[in-house]
Amino acid sequence: MDEYLKLEDVWYSYPNGRQALKGVTLSLKKGTISILLGPNGCGKTTLLLVAAGLLQPQRGQVKVMGKTLTPDKQNLRKHIGIVFQDPDDQLFNPTVYDEIAFAPRQLGYSEEKTKRKIEIVSKTLGIQHLLDRPTHTLSMGEKRKVALASVLVYDPDILLLDEPTANIETKTIAHLLQHLCQAKKQGKAILIATQRSELAQIVADNVHIMENGKITFQGTPTTLAKNPDILQKLEIQPLNQLVDNLTCADTQ
Amino acid sequence: MPLLERYLYEIAEIFDTLSQTRDYDGDPKISILLGIFSTFIVSFSKSLLVYVLALIISLVLALFHGKDVLAKIGKISIFLTVMSLVVVSPIIINSLTCSPGEVQSLWEAAGLVLRTVSASTLFAAFLLNLGWTGVLRGLRELRLPEDFSLQVSFMLRYIPLFIRDVFRMLAAREARTFAEKKSYNILSSIVGDLLIRGYYRSQRVQLAMNARLFTTNTKNHSKTSLNRHNIILFLATTILLIASIQGVLAPWTNI
């Protein structure tokens, strides 16, 4: 089973009638990193929430490890780890340790096993020194690492990350990408929703471009690089290309 | 800093103090039970001795954790005194204007203020002594419904965040308010926004929680272990109990 996650013709509209997803089809394979690119409000976050089984699509289906994800098959969700855009939404436990321990405890792991898992994941992400800290006192970069740790700790096969590089310094972004590459090597299927098109060239095996609730492009980073007009049209090309003609700094 | 902002700032500070990790090696469930019982004794006592002892015990408990916690306890007491005085002010005014020379109602007003301040300060001291994590551990170990301890956890986690949101919104509005600064006027304009933000945040937190909820069973792993902390709190509660009984046996010492 190489296809870990598959969305087939998924439609989702919010209670206020806004149609966020319009027939999205997408698949994630074992040991790959896919980038979901798109401008603000195009439905990236909704797609991740539907893929994680947190929102139920009105049409279409989500398959996890070959099985259809329905509200009565919530145990399938243990194969999926989702990291939210705003870590303050995700980190609701009093301390970092409790935050990371939340999912293992829900899965019924013993305290011993939970502690062992936390030690491993915190060492991997370099956050051992934060374990006793209250989550709201962390910096944004630390919060992002803790949010990732809280998901990696139960070893999901599929990782969904919503704007993981937002509001953090480049050094932390580099660390984060290293960890994701490591997770990829372990065979995880990873989907990163972002507006930063340069990520596609750095880590992606596949790129999906989303526009107004639809996937308008699917291909490799190489194919995307050959079609720069796709990104230009959506105005999500890398910053250095966007400001190419802009010279406002006084170089005299 | 204007009074309103100062007030919000102090609340955020108190929550921050509460959330600092304590080296609490006592049994949190016993400490919580003792805290509730002590507060109960003070709340229903009429003895001046009990009130004074409760305040002294609060200060001693705060002292265990340094000047910072002691300062917070002091601020809590002052705030509660002011608020209680506002509440009993009709009694005081009535007593002074309508029946001058009659001291009974003044005593009653003083008793009400003292009871409120001492009971609340004592409970706050127990909580600050336990710390946020201790309180939550205690609630879980007391086998209270998981929903309840989660709600307390959310409250402790999100109130400071909420207050900081208020600060940011106040600052953003004040930055574009060029007339004389009146924070309470600006605050009234952000109430609606805050409710909406709170609603959306709660929706997102619920989703985040559901993402890692695979079963409704949450296991508690606890065992009872009495130690120094619990013994100190037990002694404090016993002293209050004895003083309270003395108040019942010798009613002339009451107010």
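Heads up: the structure comes first, above all this text.
Residues numbered from 1 in each chain as written. Chains lettered and ligands numbered in written order. Predicted model: local features only at pLDDT ≥ 70, side-chain atom pairs only at ≥ 80, totals over all residues. Heavy atoms only, no water.

Draft legend 1. Inspection of the sheet that holds strand β10 (residues 214-219) of chain A at higher detail. Residues and elements named next belong to chain A. With mixed pairing, the six strands of this open sheet are ordered in space as β6-β7-β8-β3-β9-β10. Strands with a single pairing partner mark the edges of an open sheet, and in this sheet they are β6 (80-83) and β10. The sheet shows a mean angle of 15° between the axes of neighbouring strands, direction not considered. In this sheet, strand β8 (residues 189-194) lies alongside strand β7 (residues 158-162) in parallel orientation, the contact comprising five bridges. Its bridge partner being in β8, aspartate 162 is matched across the sheet by alanine 193. (Pairing = 2+ DSSP bridges. Helix = DSSP H or I, 4+ residues; strand = E, 2+ residues; numbered from the N terminus. Axes fitted to C-alpha atoms, helices over the stretch in contact; angles between N-to-C directions.)

Draft legend 2. Seen up close, the sheet that holds strand β5 (residues 67-68) of chain A. Residues and elements named next belong to chain A. Here we have four strands laid out as an open sheet, ordered β2-β1-β4-β5, and antiparallel in their pairing. Of all strands in the sheet, those with a lone pairing partner are β2 (19-29) and β5, marking the two edges. Where strand β1 (residues 3-13) and strand β4 (residues 59-64) come together, five bridges link them in antiparallel fashion. Bridging across to β4, lysine 6 finds its partner in lysine 63.

Draft legend 3. Just the packing of helix α5 (residues 104-141) of chain B against helix α6 (residues 146-174) of chain B, in detail. Residues and elements named next belong to chain B. Running from amino to carboxyl end, α5 crosses α6 at an angle of 170°, the nearest separation of the two axes being 9 Å. With respect to their mutual orientation, α5 and α6 come out roughly antiparallel. Contacts between α5 and α6 pair Trp132, Leu136, Leu139 and Arg140 from the former with Glu146, Phe148, Ser149, Leu150, Val152, Ser153, Leu156 and Arg157 from the latter. For the contact of α5 with α6, a count of residues per class yields seven nonpolar, two polar and three charged. (Parallel < 35°, antiparallel > 145°, perpendicular 65-115°, else oblique. Contact = heavy atoms within 4.5 Å. Nonpolar A, V, L, I, M, F, W, Y, C, P; charged D, E, K, R; others polar.)

Draft legend 4. Quick peek at the pattern of salt bridges. Across all of its chains, the model carries 15 salt bridges over all chains by this definition. Across the pair arginine 212 of chain B and glutamate 99 of chain A runs a salt bridge whose closest N-O atoms are separated by 2.6 Å. Of this pair, arginine 212 of chain B sits in the loop between α7 (183-211) and α8 (228-249) while glutamate 99 of chain A is found in helix α3 (residues 96-106), placing the two residues in two different chains. Across the pair, glutamate 99 of chain A and arginine 212 of chain B agree in class, each one buried. In this structure, the salt-bridge partner of arginine 105 of chain A is glutamate 111 of chain A, at a minimum N-O distance of 3.0 Å. (Salt bridge = Lys/Arg side-chain N within 4 Å of Asp/Glu carboxyl O. Buried < 20%, exposed > 50% of the residue type's maximum accessible area, 1.4 Å probe, protein only.)

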